[in-house]
Amino acid sequence: MTFVVPRQADGRPLPDQPAPRLPVGVDGLVYGGDYNPEQWPEEVWAEDVALMRQAGVNLVSVAIHAWAALEPRPGEFDFGWLDRLLDLLHGAGIAVNLATPTVVPPAWLYRAHPAIRPVTRDGVELERGSRATFCPSAPAYRQAAAAITRQLGARYGDHPAVALWHVHNEYGAPVGACYCPESATAFRRWLRARHGDLDALNAAWGTSFWGQRYGEWAEVEPPRVSGTTGNPAHELDFARFCSDELLACYTAERDILREHSTVPVTTNFMTTNCKSIDYWRWAREVDVVANDHYLTAEARRNHIDLAMSADLTRAVAGGQPWMLMEHSTGAVNWQPRNIAKRPGEMRRNSLAHVARGADAVMFFQWRASRFGAEKFHSAMLPHAGTRSRLWQEVVRLGRDLGALHEVRGSLVRADVAVLWDWESWWALELDWRPSVDLSYRERVGAFYEQLWDARLTVDFVAPEADLTGYRLVVVPSLYLTSTAAAEVLHDYVAGGGTLVVSYFSGIVDANDTVHPGAHPGALRDVLGLEVEEFLPLRAGEEVSLDGGLRGDVWAEHIRPTGAETVHSYVDGPAAGGPAVTRHRLGDGVAWYVSTRLRGAALDAVLREVFPTAGVEARDDLPRDVEVVRRRGADADYLFVLNHTDAEVRLAASGTELLTGRRCESELTVPAGGAAVLRS
Amino acid sequence: MTFVVPRQADGRPLPDQPAPRLPVGVDGLVYGGDYNPEQWPEEVWAEDVALMRQAGVNLVSVAIHAWAALEPRPGEFDFGWLDRLLDLLHGAGIAVNLATPTVVPPAWLYRAHPAIRPVTRDGVELERGSRATFCPSAPAYRQAAAAITRQLGARYGDHPAVALWHVHNEYGAPVGACYCPESATAFRRWLRARHGDLDALNAAWGTSFWGQRYGEWAEVEPPRVSGTTGNPAHELDFARFCSDELLACYTAERDILREHSTVPVTTNFMTTNCKSIDYWRWAREVDVVANDHYLTAEARRNHIDLAMSADLTRAVAGGQPWMLMEHSTGAVNWQPRNIAKRPGEMRRNSLAHVARGADAVMFFQWRASRFGAEKFHSAMLPHAGTRSRLWQEVVRLGRDLGALHEVRGSLVRADVAVLWDWESWWALELDWRPSVDLSYRERVGAFYEQLWDARLTVDFVAPEADLTGYRLVVVPSLYLTSTAAAEVLHDYVAGGGTLVVSYFSGIVDANDTVHPGAHPGALRDVLGLEVEEFLPLRAGEEVSLDGGLRGDVWAEHIRPTGAETVHSYVDGPAAGGPAVTRHRLGDGVAWYVSTRLRGAALDAVLREVFPTAGVEARDDLPRDVEVVRRRGADADYLFVLNHTDAEVRLAASGTELLTGRRCESELTVPAGGAAVLRS
Amino acid sequence: MTFVVPRQADGRPLPDQPAPRLPVGVDGLVYGGDYNPEQWPEEVWAEDVALMRQAGVNLVSVAIHAWAALEPRPGEFDFGWLDRLLDLLHGAGIAVNLATPTVVPPAWLYRAHPAIRPVTRDGVELERGSRATFCPSAPAYRQAAAAITRQLGARYGDHPAVALWHVHNEYGAPVGACYCPESATAFRRWLRARHGDLDALNAAWGTSFWGQRYGEWAEVEPPRVSGTTGNPAHELDFARFCSDELLACYTAERDILREHSTVPVTTNFMTTNCKSIDYWRWAREVDVVANDHYLTAEARRNHIDLAMSADLTRAVAGGQPWMLMEHSTGAVNWQPRNIAKRPGEMRRNSLAHVARGADAVMFFQWRASRFGAEKFHSAMLPHAGTRSRLWQEVVRLGRDLGALHEVRGSLVRADVAVLWDWESWWALELDWRPSVDLSYRERVGAFYEQLWDARLTVDFVAPEADLTGYRLVVVPSLYLTSTAAAEVLHDYVAGGGTLVVSYFSGIVDANDTVHPGAHPGALRDVLGLEVEEFLPLRAGEEVSLDGGLRGDVWAEHIRPTGAETVHSYVDGPAAGGPAVTRHRLGDGVAWYVSTRLRGAALDAVLREVFPTAGVEARDDLPRDVEVVRRRGADADYLFVLNHTDAEVRLAASGTELLTGRRCESELTVPAGGAAVLRS
């Protein structure tokens, strides 16, 4: 079921992987942001354009929320302002990323078709008045969205300003699912396509449990709130359906645009932060992968999460360059405490995305709104105006990106892969798992953080992707593991690879059915062990392992069937038994970590793994100095991002592109600064 | 209003109390579990039966969730598989506890009768898809349930495999109440029966408060969510109605079965864990009391809660033997952190139930499910199969129970009674009590724990039950106390008994109306005091009593009117006033504890009480070594359960039944082990 | 938009401010409480009246919840009992505060008109059964309320017992808003009146943000739950509408009463505790301001919150005397932990209200209810009866108030004003502000507490009120600041005043639109600075300022444009920048505090401010000894309330009214006691 991203052994895209199609007519790196001119009198537009040029902006996203402005009454269109805007921008040499405005239908559509309102699991009908509040299965919504898209495509399909199509906005959030009767109808249609007949559905969902058998299709509903926990396979298929149903909205609009235009089409993803969309499937449908990323403002070291997001985005882009469609110049407005970025932080954030494959750096938003729900969201042009520090940094970033123009198109290669799967995320976090402390995102993040600290560049890969060429593959909490995915891992190890698997992986198949026999059914062979019993720990309880390691959340009663014990439990419910194991299989080694290790403890285990994998941590730099390499046809580009408060020096030579200076042997990067060395 | 369990002075059932009717044809102790063959291909059944025999299983519960399998379409029945299963089991000598499958109606019934869905207090309609999600007042549900029950009764009423009828499953959870219009109609009918006319209802509910007077029956609704706290008498009557309405579902099915079958009929209770069912009332309607008990997995010393559950179950069984219908071999799946049982723990749990009166030990479930919401619930036959520790323990337990066959039918006697009342539980925990820290279950549990630690076997008794013969009666937080119940307590003390009452008892009558005059209106006389003012404490605040005791949650301004002060408040809002008092009345003594004492502090006060009651704590054994005695016609059976990690020795003689060894003077029980000594 | 309370320079009401109309025929201070005779047999009434006389009660509020008792069936009235009651009371010399009972419509009205039930933001229809659960926009409710009001007015308009009309009860709680279709209709009507046409509404609400433009009035709905945060101007107008819609309910009833009666009309406010009512607007419509106040039971030093409530009540009363309509003799029943009042506390509470302008001290309730949701609420006559401490204190308080009769009509004057605004409260606490730790009520309370500790009597003032005559004006978190309000502050400072403004003030206008340019747009000029960026702090994070001060929650990047820095940030995100500034403007000074200071830190800054303002803290008394002065035509009255556990002495002379003793030079107030000195 899971989409396989085809790739070569060295992690590069296959020869037949289509190259991404960046905005037409924009050379070098893309720079810009969302631009909402409809919020301002037209006399402000000229100032906007002048300041955009000052900042080096070469692309702006427009009309994302403009449906009501473009079609004020059903079938009546007002394109005049957009005509003028596009001409103005084009005249100034600023390309346009033109949106289909279907994320916010006009008020009149809700009045004419009340059923386009989405309904929650509890049966609450969500009202318009914010954004992205619609039922993706409602025919009335689909038809109206197609109509406005057709209008835009016809009118602007060959407008010279238009360099890219931005379909909709952030599909999947804030409303990721609708439980209304129209969604029920669509869900049944989707289920028929997936399962064929009801017997197959009854078998796949295990409806003999708790007497849930279906006798007619009409009995199948979305998984609305029930007296207690429902059928997990039902939930899992509904999650797939929700992702697919939104994808159908996207492809419908894309196909209409393609009838009218040869300009590339995309939509903005939120790879690490949107649980409701399976981006492995979606990425096949866009001409270029675009991503939005926002820091978790209160988190310390949130630049690591940023790196993970960028790496995952590159992965869904098949290793090709991608666009950072939105991030923020400073604070956002929708988190509990919207911590502002420190001086230099926006620049490091931007260059970190570029270092990991972005060929575009864009922001929400160009000019801070004076009204509405996001008026306290930062912007390229803040309320405080052009005297502000923030504006100065925006201008400087424009210059920096100009200096990096040759980086465009270069690629990132990695020796280490981390397996990522939205379906496992969905399945693992359904109700009634052995412990509420199990978290997919936490476990992937924990492994990623240690690899980041070791300065090992990471590719994310899909569960059934070819792993040839990777020295090390890490599989955190792959609860749902198909037999096919398990075979890939088995072959990878047998072929000489090094695999690290964390607990609660390999448990169920695509229908959330336990693989036969002892856990982890799909991975017993490759790991050389059986888990006789899960031993979740109490809240706050820790277990000791030999070697001074401490774990929490989880332990297991493991019976090795070929694996050797690397670390044992010293206390706790599994005292005396294996905690970390190693299984030699063919030419490779499969490690298993059966408790939750974090930070130094997880690092210690990975340091034992690295030599067997032939990878080496880089420890010659202070903590929080980030180094990543992009490889171009003619040169390599070493990005050094100094997230610390002290100057850092490292041995390197080449041309530092941001300053244009030649570096002979030692590169100095100031506190909070960045460097990009061409070699 | 409250049902009185009749009993003799020594706690034994009255001569005319009908003996429980254990499963027909099963000798000795019953052993087995829920068996869901419909989840497995028929070829697995033979293996199941062979393993059941290996484990010593003699009874399995079948068809609990099989309605959709038995009646796939309205009025079309498929009994073939059940015929074959019953024959197979019967042929193997395994008796069947046959369920009416009415806890999960088939999908077609929901489609045909949407109104069978229950509705929450907030008006949310709960969808099918999990289990036990139906409106007990819906005529369509009642009729369909009667029809399938009739089919089963007619077909299997005299099947030789059927040894017991298991009506429905765990009435009252997870949905304990329905607020739909059909429930409203039934509620009005129930209220008419209880109150007669509207004037009586207005008086009982005190509707002159906040202008809530009813002028017509049609104005009365279930207590749906309102702007703020509603009428507490309304809530209390609705709680009674909900329990009674489910009871009517039970008795309807039971009566149909009795038309076709002479086999005993029961349903499984959850005595200490289901607040929505008044088991005092229900217990009169079953041929044998059956109970489900699950440990609170994360709680330390949860074997004490188990003991309390067993004692309460024996109480609702009128002191007669009862069946443990469900517990778990290891972890469950529905708690936040499903801690697995340690080696030996399942065995001690099982024998602890037997020690306190169970003549059956059964599990949910026989074989672990591969799919559905409970696939991570442990089973007798786990995913890890027959090589597992858990299976070995299951086989051993079967042998143990066989060795205890003669225990069947023996009884437990106690000198100490604890008063238990579902109505007080309901009433005490309604909104707007003086402190949110008041908890019925907490207070009963706190007293029970100290009595358990003192190794005093406890009977639970209903509020108006005869207390003759008990040396000590404990009354924790009996907020709702009828005048009749108060008279029983008064007579008990006057007749020489020792009574301990905790705070917030005796406050209101059956309509949640404050007894006239100073608190505690119903108990002022027996306690010899008035409470002038409640003095709830702040969150975390403690008060000191003389003697080094510390209380929290609650204090009171007490004015003695006959009682003497045993401990005074040293600080806090009642500083200088009485905290613990003692009132000599007739030949007995009534103690009062006006603050929340726990652990050692509560123990200290009880140690002052015990001598006056003539009971004696047993302190010669290490903490967490449990001893209970069952008394048979010809012999006594001393159960010793060693919940510690160290071997324990105690002076005793007789035959240890689990090992068959003769014990002359000292019995040795290994760490985590158990012994049963016949003397 | 905001109502201006007109006042003279010295804080006294203007000559044309109508004097409050206290209950007709009651001399001296008013004493009494809610009286619910319908809850008791008539034979109890005689005892009630006798005890009222014993306690010195001269006014009782009756019929508040009596609609169902007065109109048991639609159009059928039963006034007999009320006739008898009023005659009884009148005969005993006890005046009546007669309520219109419209806060709880009878059950029959809900049955006849289901649409009078209010609907929540989530679409949940609230059922009757508690109180105050109705839709204020429902025509059926309005008509029925008018009809019963007309009946009462006609029958009792000139009854000699009736001294005051008590319309409804506590408008605005517990249900402050209704989102039903009838409310939608009324909301549209209100919006037309406010904005005129849709273009104006679209402009005011900034509907060009997120494409929310309205094309027809029928598209406008109450701000029901949507996919994410809605339009803040929409929310803000809805808050205004809700307050106004309830006000229309009040004025409709008032006007009917005035047709029949010359007795003054009021309704009971909850000034500091009801966020949903804009009392600046409401106070214009009552003949006398009445207020309900309840302590936050668990809070330490909750007498300061009481003082703040009294001062705010006096403010909305235009500086004139007012009535304390409800407080409690002891514990309430609706807080989590209902801490009882300590001996003497009720007396100090009562006298503190009088000290700050109350000419009436009334309680909920006369006699404790035996049933219903509030039976554990304390009363003047508690369950424990007349032997109780509480009853003795009630009798003593009656005597005390009698001894203070001459205080009636005297006024309170203050040199310090604190600006208070319900609209800012609403706006500041809408979703998606920069930090969830921003709280309007917290900030006002923090400043008030320090002023209370400095024993500076405070007036509250509305945003556009004349500030002439105040030495110091404090503006905590006035997020919403109109240009007019900003001009008042500017002129006040320029004219020689001292102003203190806390962070997040002056940000938006009445439509929640950011004032153009850098923050704080409305106050940049008066403060002499620009805020370049908000720097919210992490949860628990603190920043240091020079001078040893520490702040939390908030910091800012400030660019002075005339202000001088008084304290700088030493660390944190604004390290090195200004934290507290001072701007000399004209003859005055404007201070700005840009981080959250509390307790000693805030006190330290205010101690720097006081000299520039010419006000002086009074530090010669122990903490928690409260002194306030009322000024009469012929004498001043110094209230001294000793909230400590130790006797206090202060230099003073005059007659102590409570004891009648002459005090020559030193006044002694016992621990927990009070004194009122006439001089």
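What this report covers is the structure whose coordinates are included nearby.

What counts, and at which threshold
- Residues numbered from 1 in each chain as written.
- Chains lettered and ligands numbered in written order.
- Predicted model: local features only at pLDDT ≥ 70, side-chain atom pairs only at ≥ 80, totals over all residues.
- Least-squares fit on C-alpha atoms with pLDDT ≥ 70 in both.
- Contact = placed C-beta atoms within 7 Å.
- Nonpolar A, V, L, I, M, F, W, Y, C, P; charged D, E, K, R; others polar.
- Core = buried A, V, L, I, M, F, W, Y, C linked by C-beta atoms within 7 Å.
- Buried ≥ 20, exposed ≤ 12 C-beta atoms within 10 Å, placed from the backbone.
- Helix = DSSP H or I, 4+ residues; strand = E, 2+ residues; numbered from the N terminus.
- Pairing = 2+ DSSP bridges.
- Axes fitted to C-alpha atoms, helices over the stretch in contact; angles between N-to-C directions.
- Parallel < 35°, antiparallel > 145°, perpendicular 65-115°, else oblique.
- Left-handed = near helix turned anticlockwise from the far one by under 90°.

Concerning the relation of the copies chain A and chain C
Thought 1: Once turned by 120° and shifted 0.0 Å along the axis, chain A lies on chain C with an RMSD of 0.0 Å. On the angle and the small slide along the axis, the relation comes out as a three-fold axis. Taking C-alpha positions as reference, the residue of chain A nearest the rotation axis is Val124(A), located at 5.0 Å.

Digging into the interface of chain A and chain C
Many analyses report the size of an interface as the accessible area lost when the parts associate.
Thought 1: Residue-level contacts link 51 residues of chain A with 47 residues of chain C.
Thought 2: By residue class, the composition of the side of chain A that touches chain C is 25 nonpolar, 13 polar and 13 charged.

Some details on the nonpolar core
Thought 1: In terms of nonpolar packing, the biggest core is built from 718 residues, with Leu499(A), Leu499(B) and Leu499(C) touching the most fellow members.
Thought 2: If near-sequence neighbours (up to four positions away) are discounted, Leu499(A) is found in contact with Val473(A), Val475(A), Leu489(A), Tyr492(A), Val493(A), Val526(A), Gly588(A), Ala590(A) and Trp591(A).

Observations concerning unusual backbone geometry
Residue and element names in this part refer to chain B.
Thought 1: Cis rather than trans, the peptide bond between Ala173 and Pro174 has omega equal to 0°.
Thought 2: Assignment of secondary structure puts Pro174 in the loop between β4 (162–167) and α6 (181–195).
Thought 3: Here Phe364 and Gln365 are connected by a cis peptide whose omega angle stands at 20°.
Thought 4: Along the chain, the position of Gln365 falls in the loop between β9 (358–363) and α12 (389–403).
Thought 5: Positioned with a positive phi, Ala132 is a non-glycine residue whose angle comes to about 55°.
Thought 6: Inspection of the secondary structure puts Ala132 in the loop between α4 (107–112) and α5 (139–156).
Thought 7: Residue classification places Ala132 among the buried residues on the basis of 24 C-beta atoms within 10 Å.
Thought 8: With phi around 60°, Phe504 is a residue other than glycine that occupies positive phi space.

Some remarks on the sheet that holds strand β10 (residues 416–419) of chain B
In any sheet, the strands associate via hydrogen bonds between backbone groups, in a parallel or an antiparallel arrangement.
Residue and element names in this part refer to chain B.
Thought 1: An order of β11-β10-β12-β13-β20-β19-β18 is seen for the seven strands of this open sheet, with the pairing classed as mixed. Two strands in the sheet have a free side with no partner beyond their single neighbour: β11 (458–461) and β18 (564–568). The sheet shows a mean angle of 20° between the axes of neighbouring strands, taken without regard to direction.
Thought 2: Both β10 and strand β12 (residues 472–475) contribute to a ladder of three bridges, which runs parallel. Counted as the bridge partner of Val416 is Leu472 from β12.

Topic: the packing of helix α14 (residues 440–453) of chain A against helix α17 (residues 599–613) of chain A
How two helices pack is summed up by the angle between their axes together with the distance between the axes.
All names here are of chain A.
Thought 1: In contact at an axis separation of 10 Å, α14 and α17 are set at 65° when each is read in the N-to-C sense. As summarised for this structure, α14 and α17 are arranged roughly perpendicular, according to the angle between their axes. Where α14 crosses over α17, the handedness of that crossing is right-handed. Contacts between α14 and α17 involve Ala446, Gln450 and Asp453 on the former and, on the latter, Leu602, Asp603 and Leu606.
Thought 2: Grouping the constituent residues of the contact of α14 with α17 by class yields three nonpolar, one polar and two charged.

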